[in-house]
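# A closer look at the structure
Given next are the chains, with one letter for each unit.
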Amino acid sequence: MEEDSGVVNLVSKEGDIYKIPYSVAKMSELVKTMLDDDCDDGEAQEIPLPNVKAQVLAKVIEFCTHHKDDPMSEIEKPLKSADMKEVVQKWYADFINVEQVLLFELILAANYMDIKPLLDLTCATVASMIKGKTPEEIRQTFNIVNDFSPEEEAQVREENKWCEEA
């Protein structure tokens, strides 16, 4: 199949079908390996993605479509800022400014579909949410229940004191 010719039908968990250009679809290593190179140009291949909800797949396609024409700059590690607008271009920072539930679903989809730039962006966003926060603030941000007793917490802090000195 030609590089930019042809259409691929991605099918979400709910059965919604998204017709996208082959060049956008192949950003996903999973989809790229599932594509049949011998397929007739006139017929769109259907790729089922049973682990990806329709709402999430639509965001993944939006990312891939934009990334194809305007690639995201490399994310510096460690993050230079907790503000994603200082880490990546404005479009990507605005794109990833989503509810926490959708953010984590995008991480799962990017990992499942093997889309490295999207996985990098989503994970960097979570890292920016943690950057500069105390353990208690991180628990609040992600609704994590502290199941350590005060004695256990003190022991863990003592064992990992070296982390806070750096």
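Here, the structure is the one placed above.
What counts, and at which threshold
- Residues numbered from 1 in each chain as written.
- Predicted model: local features only at pLDDT ≥ 70, side-chain atom pairs only at ≥ 80, totals over all residues.
- Heavy atoms only, no water.
- Salt bridge = Lys/Arg side-chain N within 4 Å of Asp/Glu carboxyl O.
- Helix = DSSP H or I, 4+ residues; strand = E, 2+ residues; numbered from the N terminus.
- Buried < 20%, exposed > 50% of the residue type's maximum accessible area, 1.4 Å probe, protein only.
- Contact = heavy atoms within 4.5 Å.
- Pairing = 2+ DSSP bridges.
- Axes fitted to C-alpha atoms, helices over the stretch in contact; angles between N-to-C directions.
- Phe/Tyr/Trp six-rings, centres within 6.5 Å; stacked < 30°, edge-to-face > 60°.
- Lys NZ or Arg CZ within 6 Å of the ring centre and 35° of its normal.

Attention now moves to the pattern of salt bridges. Side-chain pairing between opposite charges can occur once the charged atoms of the two side chains come close. Summed over all chains, the structure comprises twelve salt bridges. Note that Lys32 is salt-bridged to Glu29, the shortest N-O span being 3.5 Å. One end of the pair, Lys32, and the other, Glu29, are both in helix α2 (residues 29-34), three residues apart, so they sit about a helical turn from each other. According to the relative accessible area criterion, Lys32 is partly exposed, its value standing at 37%. Across the pair Glu136 and Arg139 runs a salt bridge, and its minimum N-O distance is 3.0 Å. Of this pair, Glu136 and Arg139 both sit in helix α7 (residues 135-142), three residues apart, which is roughly one turn of that helix. A relative accessible area of 14% means that Arg139 is categorised as buried.

Here the focus is the environment of Lys59. Tracing the backbone shows Lys59 in helix α3 (residues 54-69). Among the residues examined, Lys59 registers a relative accessible area of 17% and is labelled buried. As for Lys59 and Glu86, which are separated by 27 residues in sequence, their C-alpha atoms are 22 Å apart. The contact partners of Lys59, leaving out residues within four places of it in the chain, are Phe95, Val98, Leu102 and Leu106.

With that settled, the discussion passes to the sheet that holds strand β3 (residues 45-48). With mixed pairing, the three strands of this open sheet are ordered in space as β2-β1-β3. Edge positions in the sheet fall to β2 (17-21) and β3, since each of these pairs with one other strand and no more. Adjacent strand axes in the sheet meet at a mean angle of 30°, parallel and antiparallel pairs treated alike. In this structure, strand β1 (residues 7-11) lies alongside β3, joined through four bridges in parallel fashion. Each bridged residue has a counterpart across the sheet, and for Asn9 the counterpart in β3 is Glu46. α3 contacts β1 and β2 of the sheet and is inclined by roughly 10° relative to β2.

Before going further, it helps to examine the packing of aromatic side chains. Per the counting criterion, the structure on display carries five aromatic pairs. Pairing Phe63 with Tyr92 gives two aromatic rings, centres 5.7 Å apart and planes at 65°, and the pair type is edge-to-face. Of this pair, Phe63 sits in helix α3 while Tyr92 sits in helix α4 (residues 90-95), and the two are 29 residues apart along the sequence. Its relative accessible area of 0% is what places Tyr92 among the buried residues. Judged by centre distance (5.0 Å) and plane angle (85°), the ring pair of Trp91 and Tyr92 falls under edge-to-face. You can call Trp91 partly exposed: its relative accessible area is 27%. The ring of Phe95 carries the charged tip of Lys59 above its face, separated from the ring centre by 4.1 Å.

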